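Now for the letters of each chain:
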Amino acid sequence: MSEEGFCSVEEFLEQFKGRLRIPAYQRGYAWTAEQVEQLVEDVRSAEMGTYFLGTIILHNNKEKHNNEEKKILDIVDGQQRVRTLIALLDEEASYQEICEIKESDPNEKDPKKTIKEAGMQVSEEEKERLRACRMAYITVEKLEEAFQLFDTQNGRGKPLSVANLLKAYHYNAMALNCTREPEAKELAKLEQCWEEEIADENSTKHVEGLLTTLLFLARRGVRGEGKEWFDRQQHLGEFQGVTLGVDEEAPAYGVSGLCHTVRMVLSGEKWLIGKLVKGRLENGVLKDCDPFAQIGQLIVNGEDFFGYARTYARLARALFPKDKNGVPDNRSEVLRTFHTFYWEKCFFYDGAGRTGDRYARAVYEALILLLVDRFGEAGLKAHHETLWRLAYHERCFMGRLVFERAGAKYFVKVCQALVASPTLTVFGHTLRKLLKEQQKELENVIKANPDQQLKPFGEEGTLHDFVMAGVNA
């Protein structure tokens, strides 16, 4: 049973004083000085008591202390706003009395310090305006209800990111899939994994790009479907699968169910897991990842999804590091050769910054991710150049390359060949046929337009020269 209310900030803080808590599974304080400034400016420009701060979602987490039940209200959505408001209202002396930060990281950002960095001075009159701001709150009894609400919430009119929507969805699935609610320490461990490994914004392949570009393209490709630009309304379901033991469509047996079972059985056999993982990359970056993960697999909701996302976040970072200084010292010779090619041939040539070239690179990266997922470093060593030739095909004779046309000729063909080829040798034969097909098409383009020059391709001259080098190799 849920409880709803609409009140002022002052009433909210007074009503729930001493009962609010930031649970361990929530990420730390993340607002920047610009976001704090925006909040204060919005309040200053609004009439007294009219500014709406959005909805706070609370989970009534009953706990026992000294044999007495205490109602703790975990903030599931809205902690950034609540902590900012407390800091702005200068409630320093009673901060812990209002809101407890459970198992907080001493190194995390401090709201007070963020406000100080912004150089903000809030007068007593402005504090009164902040206290008079209106806010709604919803208190729910079950954790899955809180995550369901979070799934549909918008913060200050701005849609939640794909990452946050999926995180809430799969947290909810964990609660649904268990006879008990997941423990806080379980969620805290997943939250740490999500923030540090999957949603690492210091990486060019953080969660938004990983899911909505690389994995989305690759998953559509292995199904033989054409390329589409990710739309959160239409395509979010790509990463929302089945909940084992709950959904009727969840397979009782079959590959997904079997892999799930074997993974559980072997969870203690670290040596075997290590040998299975090592099949993709030799330098250990996939240590402790899911050895049974496949890019095109059925998504199993809950904890399995986080393992899937972490596996490919690590793989993408290993294959496509942000810069030359970000590569591991123990990378293999195959990775070293690939990185040199990737930086020199895919980034540093005339026109590499054009939008169409970025689209071609996205297609290439999705293909490389699939190649390594299927055939490991042996596949990367044999075919990383060939896949760039095929991914770059449309760019060579189109003055303006839109996303739908990038890789349109060969992307799905290569994806399907990766799925269908039983061995790397068979896959190589298919690629050779595609290269000859590409060569013939380029020759027809030149014949029809003798004065047209194909786009330059680094030091290799024209793309046609580069393709011919591959065919004749």
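Everything quoted here is computed from the prediction, not taken from an experiment.

When helices and strands are tallied, the protein chain shows 19 helices and eight strands. For the protein chain, buried positions account for 51% of its 473 residues. Within the protein chain, counting contacts between residues at least 6 apart in sequence, those at least 24 apart form 72% of the total.

Take empty space enclosed by the protein next. For the structure on display, the rule yields one cavity of 30 Å³ or more. Estimated volume of the largest cavity: approximately 30 Å³. As for the largest cavity, its lining consists of V40, V43, R44, V122, E126, R129 and L130. Among the secondary structure elements, those contributing two or more residues to the lining of the largest cavity are helix 2 (33-45) and helix 6 (124-132). Tallied by class, residues from the lining of the largest cavity come to four nonpolar, no polar and three charged.

Evaluated as defined, the whole model comprises 18 salt bridges. Where R220 meets E228, a salt bridge forms, and the shortest distance between an N and an O atom there is 3.1 Å. Owing to a relative accessible area of 10%, R220 belongs among the buried residues under this scheme. Put simply, E333 and R336 hold a salt bridge, and the shortest N to O gap is 3.7 Å. A residue pair is termed a helical-turn pair when its members lie 3 or 4 positions apart in one helix, as E333 and R336 do in helix 15 (residues 333-346) at three residues. A residue is classified by how much of its surface remains accessible, and E333, at 55% relative accessible area, is exposed. Residue R336 is classed as partly exposed on the basis of its relative accessible area, which comes to 33%. A single network of salt bridges, built from pairs that share partners, joins R219, R220, R223, E225, E228 and E238.

Right, let's get into the packing of aromatic side chains. If you walk through the whole model with that rule in mind, you get 17 aromatic pairs. Seen from their ring centres, F216 and F230 are 5.1 Å apart, and the 85° between their planes marks the pair as edge-to-face. Of this pair, F216 sits in helix 10 (residues 207-222) while F230 sits in the loop between helix 10 and helix 11 (232-235); the two residues are 14 residues apart in sequence, bridging distant segments of the chain. F230 carries the same exposure label as F216, and that label is buried. Aromatic rings pair up to connect F320, F338, Y342 and F347 into one cluster. K227 extends its terminal NZ or CZ atom over the ring of F403, reaching a point 4.1 Å from the ring centre. The ring of F347 has R361 lying over it, and the distance from NZ or CZ to the ring centre is 4.6 Å.

We now examine the packing of helix 14 (residues 303-319) against helix 16 (residues 355-391). For any two helices packed against each other, one specifies the crossing angle of their axes together with the interaxial distance. Contact pair helix 14 / helix 16: the axes reach a minimum separation of 11 Å and the direction vectors enclose 60°. In terms of their interaxial angle, helix 14 and helix 16 are classed as oblique. Here helix 14 and helix 16 pass one another in a crossing that is left-handed. Residue-level contacts link Y312, L315, A316 and L319 of helix 14 to I368, L369, V372, D373 and L380 of helix 16. Partitioning the contact of helix 14 with helix 16 into residue classes produces eight nonpolar, no polar and one charged.

Helix length check: helix 15 (14 residues) gives 19 Å between terminal C-alpha atoms against 20 Å at 1.5 Å per residue, within 8%. Listing the buried residues of helix 15 in full gives V334, L335, F338, H339, F341, Y342, W343, K345 and C346.

Summarising the model, the protein chain shows a mean pLDDT of 77, and 70% of its residues fall at 70 or more. Below a pLDDT of 50 lies the segment residues 154-158, which in the model reaches five contacts outside its immediate sequence neighbourhood of four places, other chains included. Here residues 270-275 is a poorly scored stretch, pLDDT under 50, and it has four contacts once near neighbours within four places are set aside; other chains count.

The next subject is the nonpolar core. As a rule of thumb, soluble globular proteins bury nonpolar side chains together. Core analysis: the biggest nonpolar cluster contains 78 residues, and L215, L319, Y364, I368 and V414 have the highest contact counts within it. Of all the secondary structure elements, the ones that give two or more residues to this core are helix 8 (162-176), helix 9 (184-198), helix 10, helix 14, helix 15, helix 16, helix 17 (411-420) and helix 18 (424-448). For this core, the leading source of residues is helix 16, giving 16 residues. Contacts of I368, omitting those with residues within four sequence positions, involve L319, F320, F338, L380, H384 and L387. Counting 36 residues, the second largest nonpolar core, distinct from the first, contains Y29, A46, I86 and M120.

Attention now goes to the environment of R232. Its place among the elements puts R232 in helix 11. Taking the relative accessible area as the measure of exposure, R232 reaches 27% and is therefore partly exposed.

A few words now on the pairing of strand 6 (residues 134-140). For strand 6, a buried count of six out of seven residues is recorded, marking the element as mostly surrounded by other parts of the structure. Where strand 1 (residues 3-8) lies against strand 6, six bridges are found, and the strand directions are antiparallel. Across the sheet, the residue bridging to S8 is R134, located in strand 6.

What follows is about helix 6. Burial in helix 6 covers these residues: E126, K127, R129, L130 and R131. If you follow the buried residues of helix 6, they end up packed against strand 1, helix 1 (9-15), helix 2 and helix 3 (79-88).

Along the chain, the position of S332 falls in the loop between helix 14 and helix 15. Its relative accessible area of 14% is what places S332 among the buried residues. One polar contact links S332 to E377, side chain to side chain, over a distance of 3.0 Å.

Conventions and cut-offs
- Residues numbered from 1 in each chain as written.
- Predicted model: local features only at pLDDT ≥ 70, side-chain atom pairs only at ≥ 80, totals over all residues.
- Heavy atoms only, no water.
- Helix = DSSP H or I, 4+ residues; strand = E, 2+ residues; numbered from the N terminus.
- Buried < 20%, exposed > 50% of the residue type's maximum accessible area, 1.4 Å probe, protein only.
- Contact = heavy atoms within 4.5 Å.
- 1 Å grid on protein atoms, 1.4 Å probe; cavity = no way out; pocket = protein on both sides within 12 Å on 5 of 7 lines; lining within 4 Å.
- Points joined across faces, edges and corners; volume = space filled by probe spheres on them.
- Nonpolar A, V, L, I, M, F, W, Y, C, P; charged D, E, K, R; others polar.
- Salt bridge = Lys/Arg side-chain N within 4 Å of Asp/Glu carboxyl O.
- Phe/Tyr/Trp six-rings, centres within 6.5 Å; stacked < 30°, edge-to-face > 60°.
- Lys NZ or Arg CZ within 6 Å of the ring centre and 35° of its normal.
- Axes fitted to C-alpha atoms, helices over the stretch in contact; angles between N-to-C directions.
- Parallel < 35°, antiparallel > 145°, perpendicular 65-115°, else oblique.
- Left-handed = near helix turned anticlockwise from the far one by under 90°.
- Expected span 1.5 Å × (residues − 1).
- pLDDT = per-residue confidence, 0-100.
- Core = buried A, V, L, I, M, F, W, Y, C linked by side-chain atoms within 4.5 Å.
- Pairing = 2+ DSSP bridges.
- Polar contact = N/O pair within 3.5 Å; in protein donor to acceptor, adjacent residues only side chain to side chain.

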